[in-house]
Every structure is written in structure tokens, then in C-alpha cells.
Amino acid sequence: MSDEAPVTRAVREAVGAVTDPELRRSLGELGMIRDVRVDEGVAMVGILLTIAGCPMAKRIEQDVRDAAAGVHSIREVQVDVGVMNDEEREELTTRLRGGRVKPANRFAGNTLTRVIAVTSGKGGVGKSTVTANLAVALAARGLAVGLLDADVHGFSIPGLLGLLDEHGRAVRPTRVDDLVLPPVAHDVKVISIGMFMRPGAEDAAVSWRGPMLHKTIEQFLADVYFGDLDVLLIDMPPGTGDAAISIGHLLPQAEVLVVTTPQSAASDVAVRSGILARQLGQRVIGVVETMGPGFLADGVPFEPFGSGGGAAVAARLSVLGDAVPITVSIPFSSAVRVGGDSGMPICSADRDDVAALAFEELATALFVRGTSLAGRSLPLAIH
Ligand SMILES: Nc1ncnc2c1ncn2[C@@H]1O[C@H](COP(=O)(O)OP(=O)(O)OP(=O)(O)O)[C@@H](O)[C@H]1O
């Protein structure tokens, strides 16, 4: 390559630096630039897509075109789009797996990724909303964030993050052989059981038995190309069922956040999910109270579901074992529901909303180790 003309080298570098939107690595690094030639100001660039019908083909082609056109003295760009052959694809998938030919759980053992499982005692308490917003808040800080939706009873993460197609179904991830590329929303790489259900059979997963659920979670941890993550959040099914046990076995180093509403009925069962996590060797790192107390715009206190549930769960778990370092209350805010319904989490839609500010506090508490929010009151108000 050393006898390459400077302009050809400049075009090669420019197109090689284009990022694949799904793999989030440069085309040069991925071996997707086949050849580059320049003849009298015309750049001819051959690119190789990973699979035929790649949903990102148009975008990649355009990005390559723009990158080449940005090189001085290039007046025209021709892009020839091809597809990798089996051998090239296998080489790529092996490289993406860090040299491993066979898929393996990338989050087991000595991973640098923090794994945080978000759990609750019962359904409908706001666990998925917490997971989605926490993911968005952490990604907004520049962390590489993955989100695994393991909630077979209500895989709401794709909807909460706007990953639905025109029929309102969870988008399907692209596959490169047996490697699954997680769709990205709000800078978070997302994989959900809902993305793999046959249209019309979305409810079938609810009746999955333990081994099937275990296999699916195991496959997600091995086959999904998350790349190097700072944090992997897992939206757990509510309760103390099979998924919690599977995650406990597959990811014993996972930290656990317990979500509860302020009511005592919800907080009693939340304690149980924290106890189970500990029995599986995991550390309960915090309790998040959702739909908590706040103030109406005129300053009148507003407690639609009472108050104190989060602190009560943290206190009970602290008495029963290690102290739980983080307790955060996310105030009730209609904007949270509106954001969730429209696929625009409040942490993206309005970072000044009271609930968004509380999610920020949670993100800070989690990523400044040793910091405790316990007992600290957050600035709450309802608009
Ligand atoms: N802080 C909040 N303020 C207002 N509404 C909220 C808040 N948190 C969650 N909600 C709303 O509560 C409802 C239930 O939330 P969510 O789906 O996150 O619960 P969940 O515990 O994940 O339920 P499941 O496990 O059954 O899927 C949603 O309509 C959501 O918008």
C-alpha cells in the first residue's frame, strides 16, 4: 500500500473510518472495504456488506460516498456494493467474538462490563421504565450500554425505546450468520425476547418453562454482538421465578437493583426478590422506588401511591444482610408514561423533568462507587 498515490490513500482512510451503524466499528476494521481506486478525480470504492439485503446498506453506501467526496480533489464517487462470501463472514464473526470460533457467554467471569439486573417483586411497578431510562441516562454520559430484556411476561423495552415497526411489533435484529446484531435506540444496544417472537404469537413466551427461558438467556449472552460494554442492564421478569435463577447461575457477579412502588404491599414482595438474588450470590446494590411522592406545580405535596416503600425495602434488606447502598425515589410524573408510550424515554425527551433528574441521581449513584443516596431527598415536583 506504500506505493499508493496520496489521494488514493486519503480516500481509503476516509471510507475506512466510516462506522457500521449496527456493529459500531469502522468499515476498515471490519474488513468491509474491498478496494479503492482513484482516476482523474473519480473515486471508485468497493465495499462488502456482511449479508445480502443488509437493512443498513443504503446508509452505509451514502456514508461511504460522503466520506470519499470529502477528500480534496475528488469530484465524483462511484460505490460498488458487494456481499461477503462465507469465508469472509466467518472471519468477521470470529473477530467480533474476540477470536472465539464458537459463541460463548461474554459476560461470565472476568468481564470488565458491569452487569446490573433490574428486578421487582411484582409486575406493573415501573421496572421496565426504570431500566429503559437508566440505560438512556448512562448512555448519555458516554458509557457503552447494552440492555437485555428478559421479561417474558411483558417485553415492553422495545416499545419504551421506540424500537417498533409500522405494525407496532418489536423490530427484528439483523443476523450475520449466528451473530445477532442488537438494534440501537437512544445510543443503547437493545435485545429483547419480543424481537424473536413470531407475529401473532407474542404471548407464547409467557408459558415458557425454565429450561427454554434459560437457553434463550444463555443464547443472548453468547450470540448477541454487544461489543465492549461498560454496563449491561437486564430487565428481569417480575418475581422470583426461573429467569432470576438462570441469571443468577449465568451471571453470578451481577449486581441487582430492586424496584418497588411506595406501597407496603409491593415492597413486601420486592424484599423477596432481593433475598433470592442474594441466595444466588448476587449483591443487592440499590432499591428504586417508582411513582414516588412529589409536589404539584403549585407546591402541594402529591403522593398517588403513598411514600416510604423504597426506604422500607432497603432497610429490610440491610437488616437481613449487607447494607444496601443506594435508595432513590423516582417521583410520579405523567411525562414518564407519555414518554414510555411514545418510545421517547423521559431521559431523552425532557432531561429537566423531575423524574429524569431522579434517574440522573440514580445513574450518578451507580457509577460513582461508594456514593450513597440513602436518606437524601431529591428535588421533586409534578408539572
Ligand atoms: N415515575 C413514574 N411516573 C408515572 N408513571 C410511571 C412511572 N414509572 C412507571 N410509570 C408507568 O407505570 C406503568 C407500568 O410501568 P412498567 O411497564 O415500566 O412496569 P413493569 O414493572 O416493567 O411491568 P411488567 O413487569 O409487568 O412489564 C407504565 O404505564 C409506566 O409509564
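Coordinates for the structure precede this section.
Described in the following lines is the structure provided in the data block. Note that the structure is predicted; figures quoted are calculated from it, not measured.

1. Topic: the packing of helix α7 (residues 210–223) against helix α8 (residues 242–250)
In step 1: Taken N-terminus to C-terminus, the directions of α7 and α8 make an angle of 45°; their axes are 9 Å apart at the nearest point. By the angle between their directions, the pair α7 and α8 is classed as oblique. In the packing of α7 onto α8, the handedness of the crossing is right-handed. Here α7 contributes G210, L213, H214, I217, E218 and L221 to the contact with α8, which in turn contributes D242, A243, S246, I247 and L250.

2. Some points on α8
In step 1: All buried positions along α8 are accounted for by A243, A244, S246, I247, G248 and L250.
In step 2: As for α8, its buried residues are in contact with α7, β10 (231–235) and α9 (264–279).

3. With respect to the sheet that holds strand β11 (residues 255–260)
In step 1: Reading across the sheet, the eight strands line up as β8-β9-β5-β10-β4-β11-β12-β15 and stay open at both edges, with mixed pairing between neighbours. With partners counted over all chains shown, the strands left at the sheet margins are β8 (184–185) and β15 (326–331), one partner each.
In step 2: Here five bridges tie strand β5 (residues 145–149) to β10, and the two strands are oriented parallel to one another. Within β10, the residue paired with V145 across the bridge is V231.
In step 3: Seen against the sheet, α7 touches β5, β9 (188–192) and β10 and runs at an angle of roughly 160° to β5.
In step 4: Where α9 meets the sheet, its contacts fall on β4 (114–120), β11 and β12 (283–292), and the angle it forms with β11 comes to roughly 170°.

4. So, unusual backbone geometry
Most peptide bonds take the trans configuration, and most residues that are not glycine carry a negative phi.
In step 1: Not every positive phi belongs to a glycine, and R24 is a case in point at roughly 60°.
In step 2: Along the chain, the position of R24 falls in the loop between α1 (6–16) and α2 (27–30).
In step 3: Residue classification places R24 among the partly exposed residues on the basis of a relative accessible area of 38%.
In step 4: If you check the backbone angles, H186 has positive phi at about 50° while not being a glycine.
In step 5: In this fold, H186 is placed in the loop between β8 and β9.
In step 6: You can call H186 partly exposed: its relative accessible area is 24%.

Reading the values: the criteria
Residues numbered from 1 in each chain as written. Predicted model: local features only at pLDDT ≥ 70, side-chain atom pairs only at ≥ 80, totals over all residues. Heavy atoms only, no water. Axes fitted to C-alpha atoms, helices over the stretch in contact; angles between N-to-C directions. Helix = DSSP H or I, 4+ residues; strand = E, 2+ residues; numbered from the N terminus. Parallel < 35°, antiparallel > 145°, perpendicular 65-115°, else oblique. Left-handed = near helix turned anticlockwise from the far one by under 90°. Contact = heavy atoms within 4.5 Å. Buried < 20%, exposed > 50% of the residue type's maximum accessible area, 1.4 Å probe, protein only. Pairing = 2+ DSSP bridges.

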